[in-house]
Amino acid sequence: MDLDLISNILYAMVRCGTPLLLVALGELVCEKTGVLNLGQEGMMLFGAVIGFIVAFSTGSLWLGVLLACLAGILLAALFALVALGCQANQVATGLALTIFGIGLSAFVGSAWVGKPLTGFEPLAIPLLSDIPLIGHMLFNQDVLVYLSFALFALITWALLKSRLGLILQAVGENPNAASAMGLPVMRVRTLAVLFGGAMAGMAGAYLSLAYTPMWAQNMSAGRGWIALALVVFASWRVLRVLLGAYLFGLASILHLVAQGIGISIPANLLAMLPYVATIVVLVLLSRDAVRTRLYAPVSLGQPWRGGH
Amino acid sequence: MSIPSLKRLVLGVAAAIGLTATLGAHAADPLKVGFVYIGPIGDHGWTYQHEQGRQALIKQFGDKVQTSFVENVAEGADAERVIRNMAKGGYDLVFTTSFGYMNPTAKVAKQFPKATFEHATGYKQDKNLGTYLSTSYEGRYVGGFLAAKMTKSKKIGYIASFPIPEVIRDINAIQLALDKYNPGTEIKVVWVNSWFDPGKEADAANALIDQGVDVVFQHTDSPAPIQTAERRGVYAIGYASDMAHFGPKAVLTSIVNNWGPHYIRSTQAVIDGNWKSQDYWGGLAEGTIELPISPLVPAEVKTEAEQIIAGIKDGSFHPFAGPILDQKGDVRIAAGSVASNAELAGMNYYVKGISAQLPQ
């Protein structure tokens, strides 16, 4: 393997991992506060279709991204209303949201199928993009990928180093105690859900405006579910979410590249590789059960009623 | 609730109503025609073209037919339920449009002998179950010819879905054209294990282009590989529908499936009461396949391509004319004969010249 090929693989790995990273970061914040939203796939698709329609109609890709985030927030608000406001079962509500989002996006987008769009083009950062191996991967991407780097840094800082991180964690670990301390549990949870919606919407926009600039029904093809699984297998730790997303991306790309080179491994086995590799690595990292339990939000998925 | 599952519910209700409706049925009732789709009708590829066929059917027969479809139906148990619901719902004619619907369709056809079924791209027939396919290998051969003429790197890429005869046959057809028109050109095959995943299809196209491929074929249903080819400045051959507007500087031709004429013919036969189970193969000659050749192709190459097309149409040329050897060098189709439909339908070997191994 020559350097160029490795550099291309690393570049594709980041592109492939970015939508997973965006969704998983949003869901991580959401789950940290104790709310499990399985509606990621639906929010992502709705974001993708709204982003595409807006960008196509106005010619502004950024306006598309913005409204995609708002579209994600809109569906997330619906989830918050039902699951938090009415204390409905979060798993059922999230599943319903995914099914709703798939159908709604197909309905809204039916007139926009088969329309070509020039999406976000790679934006090379001078000098840095010439660094061998990692230059192409880190500094020759499109702006949404750079944005995902920035959001990752911001969320990592917020979760690990800021007071906000402690508030999120307190609400997720023990909402009653948090409430007794005077924290607005319901407001924190709602905002976390809306943030998750915005991130899923942005991931959708990444698909329809940068990764494959077009709208097609079901174009997320299960990425929302993979991101959900990543959060669990990363045992709710933000650095591992990044690792998992890129690992999944890397294995997905390797399985395609290996076939092109002519390495004869059964295709079905190769297709399993991204899932297996990601699970194995993250499980090995989390094999210390006691420490893993420390990171799992205790009240995850449990409805909470205020007024104690 | 998603639109597909809403439709399933509607079909279920229709099934209940259908039982009472058949009691009072008379000749003026519209013929009920159902379609089962593997992807979304908005894939702008395989399923989109079947939906175009359904629209042609409505245009032709107006209120003499009543049609409906269920999209995004997974191959396997899910498909069986959907097909059975249609049969129960009093559908007279059901088209199932993906290879993996073969066994479910055959099973339901046995249970509902009064309904008529047609399954696309399969090989199981019954008294009330026919099969139909487009001989896309004809289009692939012409595509292979264009690729042979246009490639500079002598590397051609193929984004493949699943190792079934239809896909293997198409890869072989390209190899045969490459052998004849630009010997030594290599075809690289990447299996993505999906009919529809735009992101993965784009990744596969990128992986192939990174390895020096400069003409990309696809046997998947989204226009993502075309877009990728356009972006990266290489050529591509579209599949299922005309994908030229996704890559005006990339697409040399698209292998366009035109199902309308067949759907109209079969429906007419059912209305007239003379439908017979058959294995229908439609290609360039029947108009089931069309090949719009792009102005990107130089005039003399286009003329030669048109000669090949004319030869296929009048039967003077067949892409799988013997001798055809497999990878081991064994003769599979003898010199002087052409492959029979049965041989083509069961093709499970790569021809000589392909270096990759067929996935088991």
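Residues numbered from 1 in each chain as written. Chains lettered and ligands numbered in written order. Predicted model: local features only at pLDDT ≥ 70, side-chain atom pairs only at ≥ 80, totals over all residues. Heavy atoms only, no water.

Engineer: Explain the overall build of chain B here, please?
Structural biologist: When you go through chain B residue by residue, the secondary structure sums to eleven helices and 14 strands. For 360 residues, the compact-globule estimate of 2.2 N^0.38 gives 21 Å, and the C-alpha radius of gyration of chain B, at 21 Å, lies within 12% of that figure. Viewed in the frame of its principal axes, chain B has a C-alpha envelope of about 65 × 45 × 40 Å. Within chain B, buried positions represent 60% of all 360 residues. Of all intrachain contacts in chain B linking residues separated by at least 6 positions in sequence, the fraction that spans at least 24 positions is 67%. Total accessible area on chain B is roughly 13500 Å²; 54% of this is exposed by carbon and sulfur atoms. Here chain B carries 33 positive and 35 negative side-chain charges, and the mean point of each set is 3 Å from the other. (Helix = DSSP H or I, 4+ residues; strand = E, 2+ residues; numbered from the N terminus. Rg over C-alpha atoms; globule rule 2.2 N^0.38 Å. Buried < 20%, exposed > 50% of the residue type's maximum accessible area, 1.4 Å probe, protein only. Contact = heavy atoms within 4.5 Å. Areas by Shrake-Rupley, 256 points an atom, 1.4 Å probe, with all protein chains shown as cover. Lys, Arg positive; Asp, Glu negative; His and termini not counted. Charge placed at Lys NZ, Arg CZ, Asp CG, Glu CD.)

Engineer: Teacher, can you tell me more about the domain arrangement of chain B here?
Structural biologist: Many descriptions give the size of an interface as the accessible area lost when the pieces come together. All names here are of chain B. Here chain B is partitioned into domain 1 (3-134) and domain 2 (136-256 + 289-345). Computed from C-alpha coordinates alone, the two centres of domain 1 and domain 2 are separated by 31 Å. Listed as interface residues are 15 residues of domain 1 and, on the opposing side, 20 residues of domain 2. Of the roughly 1200 Å² buried between domain 1 and domain 2 on both sides combined, carbon and sulfur atoms contribute 64%. Between the two partners, domain 1 and domain 2, sit zero salt bridges. Where domain 1 meets domain 2, there are one residue pair in polar contact (both at pLDDT 80 or more). At the level of elements, helix H2 (46-61) and strand S5 (129-134) are the ones that each hand at least two residues to the side of domain 1 that touches domain 2. Broken down by element, the side of domain 1 that touches domain 2 gets its largest block of residues, three residues, from H2. Broken down by class, the residue content of the side of domain 1 that touches domain 2 amounts to seven nonpolar, six polar and two charged. (Domains from an automatic or database assignment. Buried area = accessible area lost by both parts, 1.4 Å probe. Salt bridge = Lys/Arg side-chain N within 4 Å of Asp/Glu carboxyl O. Polar contact = N/O pair within 3.5 Å; in protein donor to acceptor, adjacent residues only side chain to side chain. Nonpolar A, V, L, I, M, F, W, Y, C, P; charged D, E, K, R; others polar.)

Engineer: Looking at this structure, I do not really get the sheet that holds strand S6 (residues 155-160) of chain B. What am I missing?
Structural biologist: Hydrogen bonds between backbone atoms are what pair the strands of a sheet, whose relative direction is either parallel or antiparallel. Residue and element names in this part refer to chain B. Overall, mixed pairing links the six strands, which are arranged S7-S6-S8-S9-S10-S12 in an open sheet. Every other strand in the sheet has two partners, leaving strand S7 (186-191) and strand S12 (289-290) as the edge strands with one partner each. The sheet contact formed by strand S10 (residues 251-257) and S12 spans two bridges and is antiparallel. Across the sheet, Asn 257 pairs through a bridge with Ile 289, a residue of S12. Seen against the sheet, helix H8 (residues 224-232) touches S6, strand S8 (215-218), strand S9 (235-240) and S10 and runs at an angle of roughly 165° to S9. (Pairing = 2+ DSSP bridges. Axes fitted to C-alpha atoms, helices over the stretch in contact; angles between N-to-C directions.)

Engineer: Would you mind showing me how to read the side chain of A:Gln259 here?
Structural biologist: Looking at the element boundaries, A:Gln259 is found in helix H11 (residues 238-261). By relative accessible area, A:Gln259 is classed as buried at 8%. Here B:Trp191 takes part through its backbone nitrogen, which lies 2.5 Å from a polar atom of the side chain of A:Gln259.

Engineer: I tried to follow the packing of helix H6 (residues 143-161) of chain A against helix H7 (residues 163-173) of chain A on my own but got confused; where do I start?
Structural biologist: A pair of packed helices is characterised by two quantities: the angle between their axes and the separation of those axes. Residue and element names in this part refer to chain A. Between H6 and H7, the shortest axis-to-axis distance is 5 Å and the interhelical angle comes to 70°. As the angle between them shows, H6 and H7 are arranged roughly perpendicular. In the crossing of H6 with H7, the sense of the turn from one axis to the other is right-handed. From H6, Ala 158, Leu 159 and Lys 161 reach across to H7, where they touch Arg 163, Leu 164, Gly 165 and Leu 168. Taken together, the residues of the contact of H6 with H7 break down into four nonpolar, one polar and two charged. (Parallel < 35°, antiparallel > 145°, perpendicular 65-115°, else oblique. Left-handed = near helix turned anticlockwise from the far one by under 90°.)

Engineer: Which parts of the structure should I look at to understand the interface of chain A and chain B?
Structural biologist: Listed as interface residues are 37 residues of chain A and, on the opposing side, 37 residues of chain B. Interface area, chain A with chain B, both sides summed: about 3000 Å², of which 58% is carbon and sulfur. Interface area lost by chain A to chain B is led by A:Met214, A:Gln217 and A:Leu256, which between them contribute 19%. At the surface where chain A touches chain B, the tally comes to one salt bridge.

Engineer: Please explain the confidence of the model for chain A as it appears in this structure.
Structural biologist: Detail in the predicted coordinates should be disregarded across regions flagged by low pLDDT. Residues of chain A with pLDDT of at least 70 account for 98%, and the chain-wide mean is 90. Taken element by element, the predicted model of chain A shows its lowest mean pLDDT in helix H13 (residues 289-295) of chain A (73) and its highest in helix H2 (residues 40-58) of chain A (97). (pLDDT = per-residue confidence, 0-100.)

Engineer: Mind showing me how you'd approach the pairing of S7(B) here?
Structural biologist: When a strand is regular, its side chains alternate between the sheet's two faces. Residues and elements named next belong to chain B. In terms of residue burial, S7 counts as a mostly covered element, since five of its six residues are buried. Pairing analysis gives six bridges linking S6 to S7, with the strands arranged parallel. Each bridged residue has a counterpart across the sheet, and for Ala 160 the counterpart in S7 is Trp 191. Between the parallel elements S6 and S7, the chain passes through helix H6 (residues 165-181) in a crossover that is right-handed. (Right-handed = clockwise from strand over helix to strand, strands pointing away.)

Engineer: Help me understand the sheet that holds strand S2 (residues 65-70) of chain B, please; the structure alone is not making it clear to me.
Structural biologist: Residue and element names in this part refer to chain B. On the basis of which strands lie adjacent, the open sheet formed by six strands has the order S2-S1-S3-S4-S5-S11 and parallel pairing. Of all strands in the sheet, those with a lone pairing partner are S2 and strand S11 (279-282), marking the two edges. In this sheet, neighbouring strand axes are inclined to one another by 20° on average, regardless of whether the strands run parallel or antiparallel. Summarising the sheet, strand S1 (residues 31-36) and strand S3 (residues 93-96) pair through four bridges and their orientation is parallel. Note on S3: the bridge partner recorded for Phe 35 is Phe 95.

Engineer: Even after reading the chapter, I still don't get the packing of aromatic side chains, so can you show me in this structure?
Structural biologist: To describe a pair of aromatic rings, you give the distance between the ring centres and the angle between the ring planes. Residues and elements named next belong to chain B. Tallied over the full model, the rule gives 22 aromatic pairs over all chains. Between Phe 35 and Tyr 37, the aromatic rings sit 6.1 Å apart at their centres with planes inclined by 40°, giving tilted as the arrangement. There is no split in this pair, since Phe 35 and Tyr 37 are both buried. Measuring from centroid to centroid gives 6.2 Å for Tyr 158 and Phe 217, while their planes differ by 20°, and the two rings are stacked. Here Tyr 158 is found in strand S6, whereas its partner Phe 217 is found in strand S8, with 59 residues between them in sequence. A single burial state applies to Tyr 158 and to Phe 217, both of which are buried. Positioned above the aromatic ring of Tyr 91, the side-chain terminus of Lys 32 is 4.8 Å from the ring centre. One residue, Arg 332, lies across the ring of Tyr 349, its end atom 4.2 Å from the ring centre. (Phe/Tyr/Trp six-rings, centres within 6.5 Å; stacked < 30°, edge-to-face > 60°. Lys NZ or Arg CZ within 6 Å of the ring centre and 35° of its normal.)

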